[in-house]
Amino acid sequence: MPQNFFTDSQKIEITKAIQAAELNSSGEIRIHIEKVCATENVLDRAAEVFVNLGMANTAQQNGVLFYLSIDDRKFAVLGDKGIDKVVPENFWESTKTLLKTHFAQGLYTEGLVKGIHSAGEQLKHYFPYQSDDVNELPDDISFG
């Protein structure tokens, strides 16, 4: 069961990383974990999940999804079109490399926490935090 992939304390650590990253940027970060990827292409599935989670409805179109499929060891980092309009083409490569390095060692919590912090740091240059920022999406981990 994907819900049992992380311990309760690991889930809290990941949620706190999302909250901290969102204090750097107006971007909205979500984590979604599934047992198996329902499509052959992980980015296609991440895009489906992105829409299903309502992430395409943020005011600045600046949502970021970290998608993990645990049994078939696939992951994706997907940003909304508002992000894609303003960032370089390879914007997520350093975050994906960081995740891949940690995941290969079985360090999923540490990888996600560092990846989330990295995303927040990168996004603040394009979507700085505003004092009137509203948290548009839940910070908890969703499971499929």
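Residues numbered from 1 in each chain as written. Predicted model: local features only at pLDDT ≥ 70, side-chain atom pairs only at ≥ 80, totals over all residues. Heavy atoms only, no water.

Peer 1: Please clarify how the nonpolar core should be interpreted in this entry.
Peer 2: In a soluble, globular protein the nonpolar side chains are often hidden away together inside. Counting residues in each nonpolar core, the largest one holds 27 residues, and the members touching the most others are Ile-14, Ile-31, Phe-66, Leu-112 and Ile-116. Looking at this core, the elements that each hand over two or more residues are helix H1 (8–22), strand S1 (28–34), strand S2 (63–69), helix H4 (93–104) and helix H5 (108–123). If you tally residues by element for this core, the top one is H5, at six residues. If we skip the residues at most four places from it in the chain, Ile-116 touches Ile-14, Ala-17, Ile-18, Ala-21, Ile-29, Ile-31 and Phe-66. Core analysis: the next-biggest nonpolar cluster, separate from the first, contains eleven residues, Cys-37, Ala-46, Ala-76 and Leu-78 among them. (Core = buried A, V, L, I, M, F, W, Y, C linked by side-chain atoms within 4.5 Å. Buried < 20%, exposed > 50% of the residue type's maximum accessible area, 1.4 Å probe, protein only. Helix = DSSP H or I, 4+ residues; strand = E, 2+ residues; numbered from the N terminus. Contact = heavy atoms within 4.5 Å.)

Peer 1: Would you mind going over the packing of H1 against H5 with me for this structure?
Peer 2: Each packed pair of helices is defined by two parameters, the angle between the axes and the distance between the axes. Packing of H1 against H5 leaves a shortest axis separation of 8 Å and a crossing angle of 10 degrees. One finds that H1 runs roughly parallel with respect to H5. Residues Gln-10, Glu-13, Ile-14, Ala-17, Ile-18, Ala-20 and Ala-21 of H1 form the contact with H5, whose participating residues are Thr-109, Leu-112, Val-113, Ile-116, His-117 and Gly-120. Taken together, the residues of the contact of H1 with H5 break down into eight nonpolar, four polar and one charged. (Axes fitted to C-alpha atoms, helices over the stretch in contact; angles between N-to-C directions. Parallel < 35°, antiparallel > 145°, perpendicular 65-115°, else oblique. Nonpolar A, V, L, I, M, F, W, Y, C, P; charged D, E, K, R; others polar.)

Peer 1: How do you make sense of the packing of H4 against H5 when you look at a structure like this?
Peer 2: Two elements in contact, H4 and H5, have axes whose closest approach is 8 Å; the angle formed by their N-to-C orientations is 170 degrees. Considering their axes alone, H4 and H5 lie roughly antiparallel with respect to each other. On the side of H4, the interface is formed by Ser-94, Thr-95, Leu-98, Leu-99, His-102 and Phe-103, while H5 contributes Tyr-108, Glu-110, Gly-111, Leu-112, Lys-114, Gly-115, Ser-118, Ala-119 and Gln-122. Of the residues belonging to the contact of H4 with H5, the class tally is six nonpolar, seven polar and two charged.

Peer 1: What exactly am I supposed to notice about the pairing of S2 here?
Peer 2: A regular strand places its side chains so that they alternate between the two faces of the sheet. The element S2 is extensively covered by neighbouring structure, given that seven of its seven residues are classed as buried. The alternating pattern of S2 places Gly-63, Leu-65, Tyr-67 and Ser-69 and Val-64, Phe-66 and Leu-68 on opposite faces, both of which are buried. In this view, the connection linking S1 to its parallel neighbour S2 by way of helix H2 (residues 42–52) has right-handed handedness. (Right-handed = clockwise from strand over helix to strand, strands pointing away.)

Peer 1: What exactly am I supposed to notice about the sheet that holds strand S4 (residues 141–143) here?
Peer 2: Sheet strands associate in pairs through backbone hydrogen bonding, adopting either a parallel or an antiparallel arrangement. If you walk across this open sheet you meet the four strands as S3-S2-S1-S4, and the pairing is mixed. Edge strands, defined here as strands with exactly one partner in the open sheet, are strand S3 (74–79) and S4. Each neighbouring strand pair of the sheet contributes to a mean axis angle of 20 degrees, computed without reference to strand direction. As defined by bridge partners, S1 adjoins S2 across seven bridges and the pair is classed as parallel. Note on S2: the bridge partner recorded for Arg-30 is Leu-65. Contacts between H2 and the sheet are confined to S1, S2 and S3, with S3 contributing the most and set at about 55 degrees to the helix. Taken strand by strand, H4 contacts S2 and S3, and its axis lies near 160 degrees from that of S3. (Pairing = 2+ DSSP bridges.)

These figures come from the coordinates and say nothing about function on their own.
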